[in-house]
Amino acid sequence: MRTPSALRPLQRQPRFLLVLATASLLAACSRPAPPEEPVRSVKLLTVGVGALQSSLEYSGEVRARVESRLGFRVAGKIVKRQAELGQHVKAGQVLAQLDPKDYQLATDAARAQLASATTQRDLAAADLKRYQTLKDQNFISGAELERREATLKAAQATLDQARAQLSSQGNQAAYTTLVADVSGVVTGIDAEPGQVVAAGTPVVRIAQDGPRDVVFAVPEDKVAQIAVGSEVAVRGWSGGATLAGAVREVAASADAATRTYQVKVAIDSAEAPALGATVYVTPKALSHAGIPAIKLPTSALRQEGQATAVWVYDPASSSVKSQPVQIATADGNEAVVAAGLTPGMQVVATGVHVLSPGQKVMVYQPKTASPPAGKTKAAPELVANPASAAN
């Protein structure tokens, strides 16, 4: 039989086990310490000044310098159209015809009036001759002879009027045939056989042979920089050699719908692309080539609120800090920085969206050796001029 003193250690053992289990449970429920943030590897680039390469380029269309809209000078019903779209026609070639029956009848009527007026004039002339003989024999008075002379003059005037009327009606009948007044290419058909047209209604459009223009539109903030006579480079949409042109005309007012100004460039017609062809136009006055500026790839930029910023690397602390920058324009696939950076700074080129201010980073080292990058040319000024970069 155990004594009370011998039972006390056995009574204390469950309490000890309970305390030990509670401690283990609390240790399991406590949060582990956060792991240290890894040091990210970043690619750096050194800020330098280089020349812009891109230029403003516009889409244009090749057109004839003179394009005529031809129509009949009289009204009528079109019975035949010989001209076809894209056909090259020569001066004097028949393009379309109206029904000439009514005009032929009017011509016949005018011809009959001319014959009647001729008979009346001949009769008045014969009467005057007889009365002249009677006057010489003193059988009639001088006043009677003057009346016969007036009758002859009136008959002559009627004859002249009838002759002019016949000539006019003959012209009207000839106007029922539409002929090309110049050589060129048919660029449009505005009426078809069977259609009744009024006098002057456009029927055929002809682009005259001769000089060719390239027509394009520029916004109002650029039109002041384009002067008549300035050089323009023109290249075809489908390739080919670049043509040299000169600005021939700048519109005095903006288009009502697009609010752009139309510019016409004269080019050599012998080397010009086909009419209506799409071309690329590069005005020399709007060229950015050669302007010194700081350029960065778009992968180095990030949005920080309403501003654009980059990560600048601090070699002393091996960390990065945010630097706001001002973007002036684009040069190909690169952004032109107008303010915020100076040559010699090192900025992060990629992975800018996973960094934070003051974060420790290490410079990425390629696995294979690469030739050292060439030194950046000395900058003529610390920051690119935003005014010169934008122009």
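As the structure is a computational prediction, the values presented were derived from the model and not from experiment. (Residues numbered from 1 in each chain as written. Predicted model: local features only at pLDDT ≥ 70, side-chain atom pairs only at ≥ 80, totals over all residues. Heavy atoms only, no water.)

## Things to note about the overall build of the protein chain
For step 1, the next point in the chain: When helices and strands are tallied, the protein chain shows four helices and 24 strands.
For step 2, the next point in the chain: Long-range pairs, those at least 24 residues apart, make up 75% of the contacts in the protein chain between residues at least 6 apart in sequence.
For step 3, the next point in the chain: Total accessible area on the protein chain stands at roughly 23,800 Å², and carbon and sulfur atoms take up 54% of it. (Helix = DSSP H or I, 4+ residues; strand = E, 2+ residues; numbered from the N terminus. Contact = heavy atoms within 4.5 Å. Areas by Shrake-Rupley, 256 points an atom, 1.4 Å probe, with all protein chains shown as cover.)

## Re the pattern of salt bridges
Should the charged atoms of two oppositely charged side chains come close, the side chains can pair.
For step 1, the next point in the chain: Throughout the structure, instances matching the rule amount to 18 salt bridges.
For step 2, the next point in the chain: Between R69 and D190 there is a salt bridge, with the nearest N and O atoms lying 4.0 Å from each other. One end of the pair, R69, is in strand β5 (residues 67-71); the other, D190, is in the loop between β10 (184-189) and β11 (196-197), and 121 residues separate them in sequence.
For step 3, the next point in the chain: You can call D190 partly exposed: its relative accessible area is 32%.
For step 4, the next point in the chain: Measuring nitrogen to oxygen at the nearest pair gives 2.0 Å for the salt bridge that ties D127 to R130. Taken together, the residues D127 and R130, both in helix α2 (residues 101-136) and three residues apart, mark about one turn of the helix.
For step 5, the next point in the chain: The class of D127 is buried, set by a relative accessible area of 17%. (Salt bridge = Lys/Arg side-chain N within 4 Å of Asp/Glu carboxyl O. Buried < 20%, exposed > 50% of the residue type's maximum accessible area, 1.4 Å probe, protein only.)

## Considerations on the pairing of β10
For step 1, the next point in the chain: Direction of pairing for strand β7 (residues 88-89) relative to β10: antiparallel, over a ladder of two bridges. Paired with H88 across the bridge in β10 is V185.
For step 2, the next point in the chain: As defined by bridge partners, β10 adjoins strand β12 (residues 202-208) across five bridges and the pair is classed as antiparallel. Note on β12: the bridge partner recorded for G184 is Q208. (Pairing = 2+ DSSP bridges.)

## Here's the deal with unusual backbone geometry
For step 1, the next point in the chain: Its identity as a non-glycine residue notwithstanding, R259 has a phi of 60°, on the positive side.
For step 2, the next point in the chain: Topologically, R259 is positioned in the loop between β15 (243-250) and β16 (260-267).

## Section: α2
An α-helical segment advances 3.6 residues per turn. Residues three or four places apart therefore align on the same side.
For step 1, the next point in the chain: Counted at 1.5 Å a residue, the expected span for α2 with its 36 residues is 52 Å, and the 53 Å between its end C-alpha atoms agrees.
For step 2, the next point in the chain: Residues of α2 that are buried: Y103, T107, A110, L114, A117, A124, D127, L128 and Y131.
For step 3, the next point in the chain: Check the buried side of α2 and you find it contacts α3 (142-174). (Expected span 1.5 Å × (residues − 1).)

## Some words on the sheet that holds β5
For step 1, the next point in the chain: Taken in spatial order, the four strands of this open sheet run β5-β12-β10-β7, and their pairing is antiparallel. The open sheet has two free edges, formed respectively by β5 and β7, since each of these has just one partner strand.

## Topic: the pairing of strand β4 (residues 58-64)
For step 1, the next point in the chain: Every second residue of β4 is oriented toward a common face, the buried set being Y58, G60, V62 and A64 and the non-buried set S59, E61 and R63.
For step 2, the next point in the chain: Sheet analysis places β4 next to strand β17 (residues 278-283), joined by four bridges and oriented antiparallel. Bridged to G60 within β17 is V279.
For step 3, the next point in the chain: Here β4 runs beside strand β13 (residues 212-219); their pairing, made up of four bridges, is antiparallel. Looking across to β13, one finds that E61 is bridged to V215.

## Observations concerning the packing of α2 against α3
For step 1, the next point in the chain: Look at α2 against α3: their axes get within 8 Å of each other, and the N-to-C directions meet at 165°. By the angle between their axes, α2 is roughly antiparallel relative to α3. Seen along the crossing, α2 lies across α3 with a hand that is left-handed.
For step 2, the next point in the chain: Partitioning the contact of α2 with α3 into residue classes produces 16 nonpolar, 13 polar and seven charged. (Axes fitted to C-alpha atoms, helices over the stretch in contact; angles between N-to-C directions. Parallel < 35°, antiparallel > 145°, perpendicular 65-115°, else oblique. Left-handed = near helix turned anticlockwise from the far one by under 90°. Nonpolar A, V, L, I, M, F, W, Y, C, P; charged D, E, K, R; others polar.)

## Points about the sheet that holds β11
For step 1, the next point in the chain: Reading across from one edge, β9-β8-β6-β11 is the order of the four strands in this open sheet, with antiparallel pairing throughout. Where the open sheet ends on each side, the last strands, each with one partner, are β9 (177-179) and β11.
For step 2, the next point in the chain: As paired elements, strand β6 (residues 76-81) and strand β8 (residues 94-98) share three bridges and run antiparallel to each other. Within β8, the residue paired with I78 across the bridge is L98.

## Considering α3
For step 1, the next point in the chain: For α3, built from 33 residues, the straight-helix expectation of 48 Å at 1.5 Å per residue is met to within 8% by its first-to-last C-alpha distance of 48 Å.
For step 2, the next point in the chain: Contact partners of the buried residues in α3: α2.

## Digging into the packing of aromatic side chains
For step 1, the next point in the chain: Across all of its chains, the model carries one aromatic pair by this definition.
For step 2, the next point in the chain: Directly above the aromatic system of W311 lies the positively charged group of R302, at a separation of 3.8 Å from the ring centroid. (Phe/Tyr/Trp six-rings, centres within 6.5 Å; stacked < 30°, edge-to-face > 60°. Lys NZ or Arg CZ within 6 Å of the ring centre and 35° of its normal.)

## Some words on the environment of V247
For step 1, the next point in the chain: Positionally, V247 belongs in strand β15.
For step 2, the next point in the chain: Take V247: its relative accessible area is 3%, and that puts it in the buried class.

## Regarding the confidence of the model for the protein chain
For step 1, the next point in the chain: Across the protein chain, pLDDT averages 83, with 84% of residues at or above 70.
For step 2, the next point in the chain: Predicted confidence is poor over residues 373-391, with pLDDT under 50, and the contacts of this stretch with residues over four places away or in other chains come to 35 contacts. (pLDDT = per-residue confidence, 0-100.)

## A look at the nonpolar core
For step 1, the next point in the chain: Of all hydrophobic cores here, the largest spans 20 residues; its most connected members are V214, F216, V218, V234, V263 and V265.
For step 2, the next point in the chain: For this core, the secondary structure elements donating two or more residues are β4, β13, β14 (231-236), β15, β16 and β17.
For step 3, the next point in the chain: If one sorts the elements of this core by residue count, β16 sits on top with four residues.
For step 4, the next point in the chain: For F216, the contacting residues outside a window of four places in its chain are Y58, S59, G60, Y261, Q262, V263, V265, V281 and P283.
For step 5, the next point in the chain: Within the second largest apolar cluster, 19 residues are counted, among which are L95, A96, A180 and V204. (Core = buried A, V, L, I, M, F, W, Y, C linked by side-chain atoms within 4.5 Å.)

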